[in-house]
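# Summary of structural features
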Number of protein chains: 2
Amino acid sequence: MMRTHYCGQLNPSLADQEITLCGWVHRRRDHGGVIFLDIRDREGLAQVVFDPDREETFNKADRVRSEFVVKVTGKVRPRPEGAVNPNMASGAIEVLGYELEVLSQAETPPFPLDEYSDVGEETRLRYRFIDLRRPEMAAKLKLRSKITSSVRRFLDDNDFLDVETPILTRATPEGARDYLVPSRTHPGTFFALPQSPQLFKQLLMISGFDRYYQIAKCFRDEDLRADRQPEFTQIDIETSFMDEQDIMGLTEGMIRQLFKEVLDVELGDFPRMPFSEAMQRYGSDKPDLRIPLELVDVEDQLADVEFKVFSGPAKDPKGRVAALRVPGGASMPRKQIDDYTKYVGIYGAKGLAYIKVNERAKGVEGLQSPIVKFIPEDNLQVILDRVGAEDGDIIFFGADKARIVSEALGALRIKLGHDLELLTCEWAPLWVVDFPMFEEDDEGRLSALHHPFTAPQCSPEDLKSNPATALSRAYDMVLNGTELGGGSIRIHRRDMQQAVFEILGIGAEEQQEKFGFLLDALKYGAPPHGGLAFGLDRLVMLITGASSIREVIAFPKTQSAACVMTQAPGTVDAKALRELNIRLREQPKVE
Amino acid sequence: MMRTHYCGQLNPSLADQEITLCGWVHRRRDHGGVIFLDIRDREGLAQVVFDPDREETFNKADRVRSEFVVKVTGKVRPRPEGAVNPNMASGAIEVLGYELEVLSQAETPPFPLDEYSDVGEETRLRYRFIDLRRPEMAAKLKLRSKITSSVRRFLDDNDFLDVETPILTRATPEGARDYLVPSRTHPGTFFALPQSPQLFKQLLMISGFDRYYQIAKCFRDEDLRADRQPEFTQIDIETSFMDEQDIMGLTEGMIRQLFKEVLDVELGDFPRMPFSEAMQRYGSDKPDLRIPLELVDVEDQLADVEFKVFSGPAKDPKGRVAALRVPGGASMPRKQIDDYTKYVGIYGAKGLAYIKVNERAKGVEGLQSPIVKFIPEDNLQVILDRVGAEDGDIIFFGADKARIVSEALGALRIKLGHDLELLTCEWAPLWVVDFPMFEEDDEGRLSALHHPFTAPQCSPEDLKSNPATALSRAYDMVLNGTELGGGSIRIHRRDMQQAVFEILGIGAEEQQEKFGFLLDALKYGAPPHGGLAFGLDRLVMLITGASSIREVIAFPKTQSAACVMTQAPGTVDAKALRELNIRLREQPKVE
């Protein structure tokens, strides 16, 4: 190998040793007749000094520029008193350069590597090979590799088998739009890229593989939000003969070991919370437990008030009236309350009622609020007691359809937590369990809350007679308000699977057409099984503190699903299309 | 967890312990009023005995059938004298069943699991979830998982970073047909699925990642041969600041450790052989060194004979005349020689001349051959000496264009090695090195023997003046006549890359259009780099002894690139096509 050490590995114990470094010229300074080069490689930086005594080498050093690739041989020595750089791993030493070889020259890069903040993302993506040189970008991808390695080792150690499932496959039933691949050998037909390996992993359980995992690429042709990519990666897990407690215990252990290994953080045992409780207390099925604020239901106190904004939802079985106490919030200026009112408007809330608790001892007099006049004092006291109001607090109220109140106050809770710096800890994991089987849309149609292979907690008969209230055997792992992963015990009985399909309005013919192979497989001895999938990209984002999914993917797509570096997608020639038995529509974007 | 042990883990040390198994009823026998169930799980089989003393359990056992999924609790006990089954991991013990729970019933499977040999592959693929239950199929996929795990561990331990590269990308330059994915957001354009991550891994080196690996899915839309699949898996490796010796040493170490770990085989150091020597001695760039037969060139002895079949190719600079001695082959009957003559015909050979060496001491009298009369005795003696002829040997001759002779005698060599059981060892690895940069077709056009990013051993100037004879810095790892992996030092200088493109007839405009981002990247400080890719499927085939690539892939495609289980590829609705801005051609297969 050309080098003896990585730059970042140099330290005082190597003093007086001759070493060879290979890397990029990160920075170059001339100072007091001496040339300093900071050499950068994957593991860090090292300062190399060239003095004029070695004339030939000095002259070479004089000609190198930023981002030249060089090989340097020299001797490690402690830095002089006062020149130690505590911000650099190798900051206590420097290298006295004896030999310098330029392995590759470089033009001035399109943007400087150490002052990147005002470079547009488009430019960074176009020159991704330079952007990835930035130490903070490289660090994220290195950590990503460490994360997958830790996860794989845990699963290997727990007897999981890594099995690859197809990328060219059939449309999967996750519901999002599939990426399609025209078949050349079967004209007029298409493969779909998988939205997940869900059915294949279930088939592997039916085959007896018992413990499967795969770090699997998945695909969705959806319009992209900030945290979405057309292709993303899942840590995909499935097991047989384990119940939900076993699976949660095992995968919780995996995440715990991961955090210990890569961050030296002890996550401890994860609390488990029913979906209904999460919605009630936090207005969300992925509550951020770092924030010590809770929603409190107060319908019972407001059903009979004359103020219709409250009494209407309080009396509506699908309505909700809830309070959110913010300790110390009474000093909040009017402007800020207006901003929060706008903010909850994003979630459909028509307003944001509040009570400032100035001095409880004074009764109604001690409260400052546009709404107290509508609430009988007895009810008011119950509400104040129930939320635990103290002097100096502000209490916000939401009253509307339950979904709107939960979403609006749930989001406000998060925002307040960050704005007021209320976070009580760095990491707050939990499991959310006991989800409903189905969601009901405004027209009363049911759809699967997770996916149609999720087992219910009841029998097929009970499910059919009361689908809307049935609970599933699903579980989601949530960390800091982000869903890290979700899974369930799956249906392993054919009659149950058919019952779920029927409830979802999938008739016998469509069942056979789309899921015939699954229904077939369930006939021939399917074991009880279940599993889980973690979103790897999101996990890496959380651990690295990245603000965008594009920061944790080496070569991501833009929001319009394109790669500005390779110019993908691109045009293809007519012959290729003819072979695939397709042609372009004449006018782009015909509706 | 429901079970306490896997079936295959049971052994005499567990005698008298109460254990619980979960698995499938593999076989069921009634014998002497007692019911025997062989329970199967991922790790093997265990025999469970139910006797009528426990009536309720016995009656349940009486009702189970093959492939029912059951949970059995019982006590481990040694088998009676004479009932020990040495072919079964748990064959020294049995379980006396106390409790039996049927977790899932099963219809009679479409084919029996222990007598599969006359089941057609189509049926096996249609019911792949049952086919994979066969212990020999499960064993192959388990070994595949063990192989990837060993490889990953080796690379992790050697500081390689696992980096994912895109699946939705731009057409890659490997030359095979791409799978295309229409873009919805950029009408009229297409992504291509990657034939390899080649350019991305080079860009990662230019970014400074130094050591990259990925177990990567690759795609080729080609008509399938027995050992090809539309999607296949590569162990993809790239490094910076290492030369070919370093890279060969490192990856050879990886394969050596793999064989030690999964097969307990010591492969030893791999010999290295120039391409020209491999072609000369074995007629192949992937010689099977287990076979102790070699081609020997004899043009010099036959250039002036009157027999044109020999003298023509011997005098042609592009011709070749070679001999292949087969020890003990003189007893070969005429019929067999005729069969071999037909066999070399597949490779274009117009005949197969031979000499049987009955008794060398007798001179020409001791030889039996239709061709000796054409060869002067002096030349004949030189040839016999050169090939090391001994009494009882047969010597075959090939004379034609060099490519035909090498391919025909190279293939004959392999066939003879197997037919005559001449293999000298089980595993014979080697490196083939010093490949030509380019291949010349019949019209004298040059194409890259590896790919256009492979570095030559010479300067850009020498390359341009003598491309046809230039050697590359490529290396192939060969095992038992199969190419396991191939790689090279890559071009890291822009002028060299442009020189290669020009030699290949890729003009400046096409260079910019197809490889603009690579040429850009080479401007900004590219380190010397190189790497390698192993075909994982082929590696698993060799290690498991599988005869088809479909045996080592969980859900493979058929020869027509379809999945008979999921019925992929399938039709899609008109709306989906409209969104993708494509339509089907009216007539399938229009040319």
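Reading guide: rules and limits
- Residues numbered from 1 in each chain as written.
- Chains lettered and ligands numbered in written order.
- Predicted model: local features only at pLDDT ≥ 70, side-chain atom pairs only at ≥ 80, totals over all residues.
- Heavy atoms only, no water.
- Contact = heavy atoms within 4.5 Å.
- Buried area = accessible area lost by both parts, 1.4 Å probe.
- Salt bridge = Lys/Arg side-chain N within 4 Å of Asp/Glu carboxyl O.
- Polar contact = N/O pair within 3.5 Å; in protein donor to acceptor, adjacent residues only side chain to side chain.
- Helix = DSSP H or I, 4+ residues; strand = E, 2+ residues; numbered from the N terminus.
- Nonpolar A, V, L, I, M, F, W, Y, C, P; charged D, E, K, R; others polar.
- Pairing = 2+ DSSP bridges.
- Axes fitted to C-alpha atoms, helices over the stretch in contact; angles between N-to-C directions.
- Least-squares fit on C-alpha atoms with pLDDT ≥ 70 in both.
- Buried < 20%, exposed > 50% of the residue type's maximum accessible area, 1.4 Å probe, protein only.

### A word on the interface of chain A and chain B
How big an interface is tends to be stated in terms of the accessible area lost upon association of its parts. Taken together, the contacts link 122 residues of chain A with 123 residues of chain B. Contact with chain B buries surface across chain A, with F241, Y524 and R585 of chain A losing the most and accounting together for 8% of the total. Taken together, the connections running from chain A to chain B amount to twelve salt bridges. Across the pair R177 of chain B and E579 of chain A runs a salt bridge whose closest N-O atoms are separated by 2.9 Å. Our count for the chain A to chain B interface comes out at 65 residue pairs in polar contact (both at pLDDT 80 or more). In terms of residue count, helix α4 (residues 135-157) of chain A provides more of the side of chain A that touches chain B than any other element does, nine residues in total. Tallied by class, the residues present in the side of chain A that touches chain B amount to 61 nonpolar, 26 polar and 35 charged. Bridge count for strand β23 (residues 582-584) of chain A against strand β23 (residues 582-584) of chain B is three bridges, and the pairing is antiparallel. Looking across to β23 of chain B, one finds that R583 of chain A is bridged to R583 of chain B.

### Focus: the sheet that holds strand β5 (residues 93-104) of chain A
All names here are of chain A. In space, the five strands of this closed barrel follow the order β1-β2-β3-β5-β4, with mixed pairing throughout. Adjacent strand axes in the sheet meet at a mean angle of 55 degrees, parallel and antiparallel pairs treated alike. The pairing of strand β3 (residues 44-50) with β5 spans two bridges and is parallel. When the sheet's bridge partners are listed, V48 is paired in β5 with V95.

### Quick word on the relation of the copies chain A and chain B
Of the transformation superimposing chain A on chain B, the axial component is 0.0 Å and the angular component is 180 degrees, with the fit at an RMSD of 0.1 Å. Those values place the two copies in the arrangement expected of a two-fold rotation axis. Most of the interface of chain A is mirrored in chain B: 100% of its interface residues are interface residues there too.

### Considerations on the environment of V70 of chain B
Mapped onto the elements of the fold, V70 of chain B is located in strand β4 (residues 69-78). Counting along the chain gives 31 residues from V70 of chain B to E101 of chain B, while the straight-line C-alpha distance between them is 5.5 Å.

### With respect to the pairing of strand β2 (residues 34-41) of chain A
Residue and element names in this part refer to chain A. Counting buried residues in β2 gives eight out of eight residues, a clear majority hidden from the surface. Because side chains alternate across β2, one face comprises the buried residues V34, F36, D38 and R40, and the other comprises I35, L37, I39 and D41, equally buried. In this structure, strand β1 (residues 18-31) lies alongside β2, joined through seven bridges in antiparallel fashion. Along β2, the bridge assignment pairs W24 with R40. Between β1 and β2, which pair antiparallel one after the other, the connecting turn spans two residues, and G32 there sits at a positive phi close to 60 degrees. In this sheet, β3 lies alongside β2 in antiparallel orientation, the contact comprising seven bridges.

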